[in-house]
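# Observations on chain architecture
So you can see what is in the structure, the chains are spelled out below.
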Protein chains: 2
Amino acid sequence: MNIAVLASGSGSNFEAIAKAVKTNYIKACLKVLITDNEKAFVRVRAKRFGIKDIFVNPKHFSSRVSFDKHIAKILKNEKINLVVLAGYMRVLSPYFVRQFQHQIMNIHPALLPAFKGTGAIERAYRYGCKITGVTVHFVDEKVDHGPIIVQGHVVRGEGMRLEELEKRVHKLEHILYPLAIKLYVERKLKIKGRNVKII
Amino acid sequence: MNIAVLASGSGSNFEAIAKAVKTNYIKACLKVLITDNEKAFVRVRAKRFGIKDIFVNPKHFSSRVSFDKHIAKILKNEKINLVVLAGYMRVLSPYFVRQFQHQIMNIHPALLPAFKGTGAIERAYRYGCKITGVTVHFVDEKVDHGPIIVQGHVVRGEGMRLEELEKRVHKLEHILYPLAIKLYVERKLKIKGRNVKII
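Source: prediction; values computed, not measured. (Residues numbered from 1 in each chain as written. Chains lettered and ligands numbered in written order. Predicted model: local features only at pLDDT ≥ 70, side-chain atom pairs only at ≥ 80, totals over all residues. Heavy atoms only, no water.)

Before going further, it helps to spend a moment on the overall build of chain A. On a plain count of helices and strands, chain A comes out with six helices and nine strands. Whereas a compact globule of 199 residues would reach a radius of gyration of roughly 16 Å, chain A reaches 16 Å, a difference of no more than 12%. Seen along its three principal axes, the alpha-carbon backbone of chain A occupies a region of about 50 × 40 × 35 Å. Looking at chain A residue by residue over its 199 residues, the buried ones come to 54%. (Helix = DSSP H or I, 4+ residues; strand = E, 2+ residues; numbered from the N terminus. Rg over C-alpha atoms; globule rule 2.2 N^0.38 Å. Buried < 20%, exposed > 50% of the residue type's maximum accessible area, 1.4 Å probe, protein only.)

Listed below in structure tokens is the structure:
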């Protein structure tokens, strides 16, 4: 099975996934990293792991759909079975989502449906939540909305600072994302409506 | 310290609180149960515990505020320090909330801010959440919104039916509501904006 990661930033989740593939925890081929940001640090990480790294410049495309069509073409050429979003800062077009139905995963640093969108950890902190967490889900046409694969919780301890909460949430992400991908690769995820059963 | 419970239904949370007072886990006086529903089973529970039970008929009042003013008057007469909502099916008027600022608690069967409003457990189940829970919070002028006192999580196991999830959420409610009240009675809750610190 062939995996592609789409990312725009530092790529700490990319790193966790690449390690999980390298150590054979995930038995699949991480074929390509695609970025929309030339200076993203995740590109450095891809080089270290010897993973092909493609930068697609959004400025060369007149619309979101034409950009997404180009990415979809690359993914088809690489025979990708699973598209993993890891800090990819673009909303996918409905066209793209339809091309890869139930083949795109995203991770969100909160217990969805709470705190959709950006800044989720800080927003949960400011809200005064005592429990927050991480969600890995399939991507559908709405943002942070598709069927949930796995969730994990993080307790906000008394007097815990935002930085510490962020650290704990990210640590959990680096466990849950490889797990969700592993389950997918081993064909252990059964989707029925919004419910994802692990068989 | 004097506590009043406002309830409209079966009153399983009332039962848990009354037991916690009886066994001295909560060191306070549960002075009165007020209901807006003449046939609520919670009234039978109050009688069993020998707790004063007052039914206030909403039909005798022309507005929500006039109804709430009557309740507030009863609570002032009883020298109530803490108002506990336990399945009370009425939205409190801003007038009432201002009269008892940071002295009204509510419990919600979800991890707020997710699944505000009625039917929270079933909605979390249908959404496909892998983790849901319980929130005890102070009441402010918005529904299911005030500062969070305690939260606990419930894992939805593989193949778990809605009835089983409901049972587990309710069980957790019966632990967390007495705990939150105990902390309040012992003056261990310090509110700062939306954050409630346990000291």
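A word on the interface of chain A and chain B. Facing the 27 residues of chain A at the interface are 27 residues of chain B. Buried area between chain A and chain B, both sides added, is near 2,200 Å², and the carbon and sulfur share of it is 57%. If you sort the residues of chain A by the area they bury against chain B, Tyr127, Lys130 and Ile131 of chain A come out on top, with a joint share of 30%. Counting every contact that joins chain A to chain B gives zero salt bridges. Linking chain A with chain B are ten residue pairs in polar contact (both at pLDDT 80 or more). Elements with a minimum of two residues in the side of chain A that touches chain B: α5 (120–127), β7 (148–155) and β9 (195–198) of chain A. (Contact = heavy atoms within 4.5 Å. Buried area = accessible area lost by both parts, 1.4 Å probe. Salt bridge = Lys/Arg side-chain N within 4 Å of Asp/Glu carboxyl O. Polar contact = N/O pair within 3.5 Å; in protein donor to acceptor, adjacent residues only side chain to side chain.)

Here chain A averages 97 in pLDDT, and 100% of its residues register 70 or above. Interface confidence for the predicted complex, given as ipTM, is 0.94, next to a pTM of 0.95. (pLDDT = per-residue confidence, 0-100.)

Further remarks concern the relation of the copies chain A and chain B. Superposition record for chain A on chain B: RMSD 0.0 Å, screw rotation 180°, translation along axis 0.0 Å. The transformation just described matches what one would write down for a two-fold rotation axis. Residue Ala114 of chain A, judged by its C-alpha, is the member of chain A lying nearest the rotation axis, at 2.5 Å. (Least-squares fit on C-alpha atoms with pLDDT ≥ 70 in both.)

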